[in-house]
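Here are the chains, one letter per residue:
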Amino acid sequence: MIRFRADLPFEQDQATRFVPWIVALMVFLGALALAAATAVGGAIDGWDNNLTGRITVQVPADEASPKALSRLVDALTATPGIAQAETLSAEATRALVEPWLGTLDADLELPLPAVIDVETAVGAVFDVNLLAGRLANIAPGVIVDDHRVWLAQLIRAARTVELVAFAILALIGLTAIAAVIFATRSGLAVHAAIINLLHVMGARDAYIARQFQMQAMMLGIRGGIIGSLAAIVVLAVLTTMSAGIDVALLPSAPLSPAQWPLLIIVPVTAVIITMATARVTVLRALAEMP
Amino acid sequence: MLRFENVGMRYGIGPEILRDINFALEPGSFHFLTGPSGAGKTTLLKLMYLALRPTRGLVHLLGRDISLTPRSELPELRRQIGVVFQEFRLIDHLSAVENVALPLRVANIKQSTIDDHVRELLSWVGLGDHLDAKPPTLSGGQQQRVAIARAIINRPRLLLADEPTGNVDDHIALRLMYLFEELNKTGTTIIIATHNEALLQKFSHPLLRLNDGQIDAVAARSDRLVAAS
């Protein structure tokens, strides 16, 4: 472990011994919270890109003649705000129900509705009920499923989860700051005699504060390494476990390979917070001296 | 060099420890500060080395009015003052060299310069063989010499010593006094707080006599007592 030369015997401090563990816990929980926020944020972006621009039109099996489907597609593409409409093949439709009904034989006479996949233009606004009424005139019983309605609710819920994750991150940071303030004040009391001596010799406040700051940095780095390693192990396990799960809408892994480097932000921030807190605490205390 | 005008000092809301202190010391002078225990000698020394600010009155030090000097400029003034504490106040986990080097380190002196000066000074006070010794492994006299070396390493203009001979035998006490006299000859103003009657008899430097929180007399070399104004 890297050491620095200090006038103060920090190795004798009892109160600072728990600081690396506080920082480790902060980094561990912070990394998990950041991973959760990033994963949720990534999922939201995916939903935005893939689904907000889509509408599904279901046509009852007995109304789904090729002619009716063709007229429906024509009516849809003629609607302002709709970029593209395409009838899904029978295979694609069977694939949609496969998670619930299993693999279906192509020869099986199951009255599956026909599905028209509609892509709306970016930023398009139109009345879905009006569209459904017009389509029903062509093929009675048509159902227009606008994903954007329920997806907006899902995104709102996910954004809340994201905010909660960041709030947890902030709370963890505040808790760590309080712990470092306590430990630093304790250190100031323990080393009061030497601090007074340095002060009398003409040491500036910054000279004394720098020693506490360096000590805090060493403790922060130690805690940061421990917390980061623990977080990496947990996230790696979660990533491995989630690799086999294929659930629509959910993110496939807590972090994508490109997002893993983001985790370095947490220990670096933790070390900076620890150093800055120690420095400010010492400077404020020393300002009371003559 | 040093002038006190109507200085009073109290801790918190307690009684005044020092009252109406008036005296002026010329640069290059050598004084003993005497008085019974509890008279306020240590508090007076603390005011001199700027560990305390007076609750009233004016302290002029090294050409500056301390009450008008911004806090940010006090470290520079403190670096021109050497202090030998009665209980030495050496830092146990640092070696003799590191202890003596402290005043230079806080003044941001180059490490190579520090090394040369510190080793030379420790050899001069007879501790050339104990450079890397930690204070707890040194005798009382050796610790005393480390403390003195630390106080004079940056060639202070004012040297203050609080009972510097209190923990050493008569022979070492005499050697220390000769060391202080040598420093005084180089222009350092020296004030030594002491109870040691033998020293006061042997060395005829003027006295600042403190009694019940007041300077009640200044005794000149002839031992003629002059009432403090």
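Residues numbered from 1 in each chain as written. Chains lettered and ligands numbered in written order. Predicted model: local features only at pLDDT ≥ 70, side-chain atom pairs only at ≥ 80, totals over all residues.

Peer 1: Can you help me understand the overall build of chain A in this one?
Peer 2: The helix and strand inventory of chain A stands at eight helices and four strands. Looking at chain A as a whole, 32% of its 290 residues qualify as buried. (Helix = DSSP H or I, 4+ residues; strand = E, 2+ residues; numbered from the N terminus. Buried ≥ 20, exposed ≤ 12 C-beta atoms within 10 Å, placed from the backbone.)

Peer 1: I'm lost on the environment of A:Asn196 in this one. Help?
Peer 2: With respect to the helices, strands and loops of the structure, A:Asn196 is situated in helix α6 (residues 192-201). In the structure, A:Asn196 is positioned 93 residues away from A:Met289 in sequence and 8.9 Å away in space, judged by C-alpha atoms.

Peer 1: I tried to follow the interface of chain A and chain B on my own but got confused; where do I start?
Peer 2: Quoted interface sizes are often the accessible area lost when the parts come together. Taken together, the contacts link 12 residues of chain A with 17 residues of chain B. In terms of residue count, α6(A) provides more of the side of chain A that touches chain B than any other element does, five residues in total. Residues belonging to the side of chain A that touches chain B are distributed by class as follows: nine nonpolar, one polar and two charged. (Contact = placed C-beta atoms within 7 Å. Nonpolar A, V, L, I, M, F, W, Y, C, P; charged D, E, K, R; others polar.)

Peer 1: Teacher, can you tell me more about the domain arrangement of chain B here?
Peer 2: All names here are of chain B. Per the domain assignment, the segments making up chain B are domain 1 (1-80 + 157-229) and domain 2 (85-155). Distance between the C-alpha centres of domain 1 and domain 2: 23 Å. Taken together, the contacts link 12 residues of domain 1 with 11 residues of domain 2. Only β7 (158-162) and α6 (170-185) provide two or more residues apiece to the side of domain 1 that touches domain 2. With four residues, α6 is the single largest residue contributor to the side of domain 1 that touches domain 2. For the side of domain 1 that touches domain 2, a count of residues per class yields seven nonpolar, two polar and three charged. (Domains from an automatic or database assignment.)

Peer 1: When you look at the sheet that holds strand β3 (residues 114-120) of chain A in this model, what are you seeing that I'm missing?
Peer 2: Strand pairing in a sheet relies on backbone hydrogen bonds, with the paired strands running either antiparallel or parallel. Residues and elements named next belong to chain A. The four strands are arranged β2-β3-β1-β4 in an open sheet whose pairing can be described as antiparallel. Unpaired on one side and paired on the other, β2 (82-87) and β4 (143-146) mark the two borders of the sheet. Across this sheet, the average inter-strand angle for adjacent strands is 20°, counted without regard to direction. Pairing between β2 and β3: five bridges, direction antiparallel. The residue bridging Thr 87 from the neighbouring strand is Ile 116, located in β3. In the packing of helix α4 (residues 128-138) onto the sheet, the strands contacted are β1 (54-59) and β4, and the crossing angle to β4 comes to about 155°. (Pairing = 2+ DSSP bridges. Axes fitted to C-alpha atoms, helices over the stretch in contact; angles between N-to-C directions.)

Peer 1: It is not clear to me how the sheet that holds strand β5 (residues 64-65) of chain B should be interpreted in this structure. Could you clarify?
Peer 2: Residues and elements named next belong to chain B. Taking strand neighbours across the sheet as the criterion, the four strands line up as β2-β1-β4-β5 in an open arrangement whose pairing is antiparallel. This sheet does not close on itself; its edge strands, each paired only once, are β2 (16-25) and β5. Two elements, strand β1 (residues 2-10) and β2, share six bridges in a ladder whose sense is antiparallel. Its bridge partner being in β2, Val 7 is matched across the sheet by Ile 21.

Peer 1: Just to check I follow, could you spell out α6(A) for this structure?
Peer 2: Residues separated by three or four positions in an α-helix point in the same direction, a consequence of the helix having 3.6 residues per turn. All names here are of chain A. Counting buried residues along α6, seven of its 10 residues qualify, which places the element largely inside the surrounding structure. Along α6, the residues classified as buried are Ile 194, Ile 195, Leu 197, Leu 198, His 199, Val 200 and Met 201. Immediately downstream of α6, the backbone of Gly 202 shows phi near 105°, a positive value.

Peer 1: Explain unusual backbone geometry to me, please; I cannot follow it from the model alone.
Peer 2: Excluding glycine, residues mostly have negative phi values, and the peptide bonds linking residues are mostly trans. All names here are of chain B. The backbone phi angle of Asn 6 is positive, close to 50°, even though this residue is not glycine. The topology assignment puts Asn 6 in strand β1. The exposed category is assigned to Asn 6, around which 12 C-beta atoms lie within 10 Å. Positive phi outside glycine occurs at Asp 20, with the angle close to 45°. Topologically, Asp 20 is positioned in strand β2.

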